[in-house]
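So the chains spell out like this:
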Amino acid sequence: MSALNIISLVVDSISLTLAVLMLLLVFWQDSHSLPNALYGLLTLAMIIWFGGALLERVAVYIEAPIGLIGSGIRLAELGLTSVCVLLYLFSVVLTGAYSRYFLRVAGVGAAAIIVYQLFISYVASNPIDSTTDVNAITYSYGLSWSLLFGLLAVATLFVAWQQRRKFHDSLLRVGVSGIAIGILIELISPQLSSRLISLDMCVASTLLISYAQVRAQIIQPLTGRASQLKGFRDVGLAITSRLQLDEVLKTIATQAADMLHADGAAIYLSHDSVLELAAVYNMPERFIGQRLALGEGLAGQVAVDRRVSQVEDYQRDWHGLPDMQYARQAFGSVVAVPLVFGNDVMGVLIVVENPSGKRFDRDDVRLLEMLGPQAAVAITNSRLFEKQQELDRLKNQMIRMTSHDLKNPLFAAMSHVELLQEEGKDILTPEMLADVDTTWTQLQRMNRIISGILDMERIQSGTPTYEEFAIEDMIGIAVAELRHQAAAHTILLETELPVNLPALFGDRHYLIQAVANLVENAIKYTPDHGTIRVSAEQIEDHVVLHIADNGVGIPPDAQARIFERFYRAHPHMEQVNGTGLGLSLVKAVTDAHGGRVWLDSQVGQGTTFHIALPLSGIKGV
Amino acid sequence: MKVLIVDDEQAIRDSLGRKLRRDGFDIFLAANGIEGLRMFHLEHPDLVVLDIIMPEMDGLTVCQRIREVADTPIMMLSAQAIREEDIVQGLNAGADEYLVKPVRLNEFAARVQALLRRSQTVTPDTTVGYNDGYLNVDLQRRHVYVGPNKIHLTPTEFKLLIVLLENSGRVVTHRELLEQVWGHEYIDDIYYPRVYISQLRHKVEPDADNPIYILTEHRIGYRFEKHAPPPAE
């Protein structure tokens, strides 16, 4: 045995050991997929081939009986046969370039060939022609075997060339081609074969394939995780930052296709147990609006199963109704993920590659699985948002109608009562005038309620009118409006303001109204001879107003609800008449100014309301 | 004094008309925009009160049509005002005043009087006009030129310009403007100056978005900035 051959055998054995280690790594990650199983078998066949080659040479070297040498050769032949068959299968499965019944037929064929090879190894005579020189064990495979090996090797090379786009990793393609070329070399020249050139080449290529597998299935996912997570976060942000439903759908489809580097994507939404195509990316828009019953098409199936589903080759593997008219022609590899929110399937997202494109791998499926719930949340959000917008629109419309339809007759009635008051004061009896006054008071009350509702609406939806003004003025005006009312109840209404209060920037009109509402509220719920104190102070960059009374107080359970519209803490106090809007307006005004309102209250002791307003003015002003 | 009241609610036309008639005005009533416009051309009223939402032609359109031919003071009277934008829209259509229903009849009458007062007597305290070669304000004849062109200002716009001019170099607060241009009844209508300043800028400024005459003092008010006249030839 030449030194070169010994080196070859040592290097090959090391290479194969490495390849086996990598194989174990890949299997640890995923041993179920068909390509990985074939890859494992291929490596095993390579080991058999190498084992046979090793055995025959060692047998010759130690001058073992000729039967042992023959066994080595048989083993090598078995290995080579298996390598040829498995390599072809591996390349086809890896690229998905097979038709519907291929796998079954090919599997049976491969098994038959290998079993036949085993059989003839057992029954046939010693294959060795001459063993005159240890370094030149030459033997041929016979025409039919050579033809079969050659055909398989050429077919493999053809697949590797024609389906080159579908290899995840170009190293895989190089490795597969390398083995095929090695086999051809083995067939071309017994001399080269005896020098182990072809075996070396095949082992090296196996190592290359192993490395490519490890790289594609383990290293890349690990190193890519950070960027994948970032990409995923970006997608999540993009999806959730939009509110209009059609925009959300379009973004989901676009981002999903981008994330998987796919050719197209589509979203079906479910309405009343029907799926309707709602958005597409890179697919004909004319299909939008098309419907699928639940269970129809891949999307319909996924909606029923509520599980992600992958079809490697739509034309070959999908036997149900097509998802779209042109799906059979246009779809290659497809992943469909249900968009589930709570117990409801909101829809289905499908991501599509064209027939000559790549195939989606497990990572793609996982990514899409992760995207599904986010997309469902985004869709739900935007649906709720649109519903809310619609409700808002209806509410605004109603308020506008109310304002116009109620205020016109109210104004007509009020102005006529005013005319009656003026023109009738010398004609009407005192009782009649009193009736007119009562009518006037009630109309005014109605007006206050309508205005209160409209004010709330204006504050909540509109832009306040900002100006700079002195806090003392604001409190002064509010208190002056109510001094008379307080005096009527012999309530002492006092203010306590430090001299150097800063100016405030805000909607003066509504802030005065807010303070007045709180003071009026205090008057209502403070017994005669009580005291109400309005004070203000600057605390850091806020001014805080306090409106304190020693009235009946507010029970703790009512405190939380006191700012709700039409809520009354003391419904039994019949004599207190108000619109039930006063405190909710206070809250709305405070909120609109970026401030806060709260209260301290003890039943029987009194209540203090606090309003904190930022001095810097309002956000965005 | 003739006042035209345009409102589709008969009860409202009736009460407003009676109130003003008792205060000594000649009253003309119209039930919709088209009728109102026709009556405007027929009677040449001194003041128009306009409802906004009306059949046939709405108040904003009537207002714009009137503005195309006359400076007659126009008071919008609407139940529609919910937001400032609604009011601004009314003022932008050329109205001098925007009242929200319901309004007390006495206040309505007072506002009518104030509006008439404002539009009739523009008596500037100073008799000195302003001319820097680009902007030329002739107080005597109430003419304003921008470059070679004579421009048209409504009475309110003219008064606003004069108040700013009289106080040039000094900041005039929103409230001062309201008091001096509109009258102290208007002291709380603080969006008036903003809308009218914007209109005035479009008429007198070379570039309304980058004003050089009427400058905004953020949160305080406005200031008129004089510019040196071109050197005499």
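Reading the values: rules and limits
Residues numbered from 1 in each chain as written. Chains lettered and ligands numbered in written order. Predicted model: local features only at pLDDT ≥ 70, side-chain atom pairs only at ≥ 80, totals over all residues. Helix = DSSP H or I, 4+ residues; strand = E, 2+ residues; numbered from the N terminus. Buried ≥ 20, exposed ≤ 12 C-beta atoms within 10 Å, placed from the backbone. Contact = placed C-beta atoms within 7 Å. Nonpolar A, V, L, I, M, F, W, Y, C, P; charged D, E, K, R; others polar. Pairing = 2+ DSSP bridges. Axes fitted to C-alpha atoms, helices over the stretch in contact; angles between N-to-C directions. Expected span 1.5 Å × (residues − 1). Parallel < 35°, antiparallel > 145°, perpendicular 65-115°, else oblique. Left-handed = near helix turned anticlockwise from the far one by under 90°. Core = buried A, V, L, I, M, F, W, Y, C linked by C-beta atoms within 7 Å. Arc of directions from axis to C-beta. pLDDT = per-residue confidence, 0-100.

Broken down by element type, chain A carries 19 helices and 13 strands. For chain A, buried positions account for 39% of its 621 residues. Restricting to contacts in chain A with at least 6 residues of sequence separation, those with at least 24 account for 69%.

On to the overall build of chain B. Secondary structure summary: chain B contains eight helices and twelve strands in total. The proportion of buried residues among the 233 residues of chain B is 39%. Taking as baseline every contact in chain B between residues at least 6 positions apart, the subset at least 24 positions apart corresponds to 57%.

Contact residues are listed per partner, giving 24 residues for chain A and 23 residues for chain B. Among the secondary structure elements, those contributing two or more residues to the side of chain A that touches chain B are helix H14 (362-423), helix H15 (430-461) and strand E7 (467-470) of chain A. The greatest single-element share of the side of chain A that touches chain B, amounting to 13 residues, is contributed by H14(A). In terms of residue class, the side of chain A that touches chain B is made up of seven nonpolar, ten polar and seven charged.

Time to look at the sheet that holds strand E5 (residues 334-341) of chain A. Residues and elements named next belong to chain A. The sheet built from six strands is open, its strands ordered E3-E2-E1-E6-E5-E4 with antiparallel pairing. Across the chains shown, the open sheet's two edge strands, defined by having one partner strand only, are strand E3 (291-293) and strand E4 (309-311). Adjacent strand axes in the sheet meet at a mean angle of 25 degrees, parallel and antiparallel pairs treated alike. Here helix H10 (residues 245-259) sits on the sheet in contact with strand E1 (264-271), strand E2 (274-281) and strand E6 (344-352), set at roughly 65 degrees to E2. Strands E1, E2, E3, E4, E5 and E6 of the sheet are contacted by helix H11 (residues 297-305), whose axis makes an angle of about 40 degrees with E5.

Looking now at the sheet that holds strand E12 (residues 221-224) of chain B. Residues and elements named next belong to chain B. Across the sheet, three strands lie side by side as E10-E12-E11; this open sheet has antiparallel pairing. Among the strands making up the open sheet, the edge pair consists of strand E10 (171-173) and strand E11 (214-217). Strand-to-strand twist in this sheet, taken as the mean axis angle between neighbours without regard to direction, amounts to 35 degrees. Inspection of the sheet shows E11 paired to E12 by four bridges, in the antiparallel sense. When the bridges of E12 are listed, Leu215 appears paired with Arg223. In this fold helix H7 (residues 174-182) packs onto E10 and E12, with an angle of close to 75 degrees to the strand it touches most, E10.

On to helix H4 (residues 102-123) of chain A, then. In an α-helix, one turn spans 3.6 residues; hence positions three or four apart end up facing the same way. With 22 residues, H4(A) extends 31 Å between its outermost C-alpha atoms, agreeing within 8% with the 32 Å of an ideal straight helix rising 1.5 Å per residue. Buried residues are scarce in H4(A), accounting for two of its 22 residues.

With that out of the way, let us pick up the environment of Ala592(A). Residue and element names in this part refer to chain A. Within the element layout of this structure, Ala592 appears in helix H19 (residues 582-592). Accessibility expressed as a C-beta count within 10 Å gives 21 for Ala592, which makes it buried. Separated by 86 residues in sequence, Ala592 and Gly506 place their C-alpha atoms 9.4 Å apart.

Residue and element names in this part refer to chain B. At a minimum axis distance of 10 Å, the contact between helix H6 (residues 155-166) and H7 shows a crossing angle of 125 degrees. Regarding the angle of H6 to H7, the classification is oblique. With respect to the hand of their crossing, H6 and H7 are arranged in right-handed fashion. Contacts between H6 and H7 involve Thr156, Lys159, Leu160 and Val163 on the former and, on the latter, Leu177, Gln180 and Val181.

So, on to the nonpolar core. Residue and element names in this part refer to chain A. Counting residues in each nonpolar core, the largest one holds 55 residues, and the members touching the most others are Val83, Cys84 and Leu87. Residue assignment for this core shows that the elements contributing at least two residues are helix H1 (3-29), helix H2 (34-61), helix H3 (66-95), helix H5 (143-162), helix H6 (170-188) and helix H8 (197-223). Considering each element in turn, this core owes the most residues, 17 residues, to H3. In contact with Leu87, not counting residues within four places along its chain, are Leu42, Thr156, Val176, Ile179 and Ala180.

Before going further, it helps to spend a moment on H5(A). Residues and elements named next belong to chain A. Over its 20 residues, H5 runs 28 Å from end to end, which matches the ideal 28 Å to within 8%, given 1.5 Å per residue. For H5, every residue scored as buried is listed here: Phe149, Leu152, Ala153, Thr156, Val159 and Ala160. Angular distribution of buried residues about the axis of H5 spans 125 degrees; they occupy a single face of the element. When the buried face of H5 is taken as reference, the exposed residues oriented beyond 90 degrees from it are Leu143, Ser144, Leu147, Leu151, Trp161 and Gln162.

All names here are of chain A. Running from N to C, H1 and H8 point in directions that differ by 25 degrees, and their axes come no closer than 9 Å. One way to sum up the angle between H1 and H8 is to call them roughly parallel. Of the two possible hands of crossing, H1 and H8 adopt the one that is left-handed. Counting all contacts with H1, which are made through Ser8, Asp12, Ser15, Leu16, Leu18, Ala19, Met22, Leu23, Leu25, Val26 and Gln29, the residues of H8 involved are Leu199, Asp200, Val203, Ala204, Thr206, Leu207, Ser210, Tyr211, Gln213, Val214, Gln217 and Ile218. A class-by-class count of the residues in the contact of H1 with H8 yields 14 nonpolar, seven polar and two charged.

Once that is clear, we can look at the pairing of strand E13 (residues 606-614) of chain A. All names here are of chain A. With seven bridges connecting them, strand E11 (residues 542-549) and E13 associate as antiparallel partners. Its bridge partner lying in E13, Val543 is registered against Leu613. Where strand E12 (residues 596-602) and E13 come together, seven bridges link them in antiparallel fashion. When the bridges of E13 are listed, Trp598 appears paired with His610. Between E12 and E13, which follow one another and run antiparallel, lie three residues, and Gly604 among them has a positive phi close to 85 degrees.

The next thing to look at is the environment of Leu321(A). Residues and elements named next belong to chain A. Along the chain, the position of Leu321 falls in the loop between helix H12 (314-317) and helix H13 (327-330). With 25 residues separating them in the primary sequence, Leu321 and Glu296 have C-alpha atoms 6.0 Å apart. Not counting residues within four places of it along the chain, the set of residues in contact with Leu321 comprises Glu296 and Gly297.

Residue and element names in this part refer to chain B. When pLDDT is averaged along chain B, the result is 86; 93% of the residues meet or exceed 70. Taken element by element, chain B is modelled with least confidence in helix H4 (residues 84-92), mean pLDDT 77, and with most confidence in strand E2 (residues 26-30), mean pLDDT 96. The complex model carries a pTM of 0.55, and its ipTM stands at 0.79.

A separate point is unusual backbone geometry. All names here are of chain B. With an omega dihedral of -5 degrees, the bond running from Lys101 to Pro102 counts as a cis peptide bond. If you check the backbone angles, His44 has positive phi at about 45 degrees while not being a glycine. When you line up the elements, His44 lands in the loop between helix H2 (33-43) and strand E3 (47-50). In this model, Glu56 sits at a positive phi of 70 degrees, which is unusual for a non-glycine residue.

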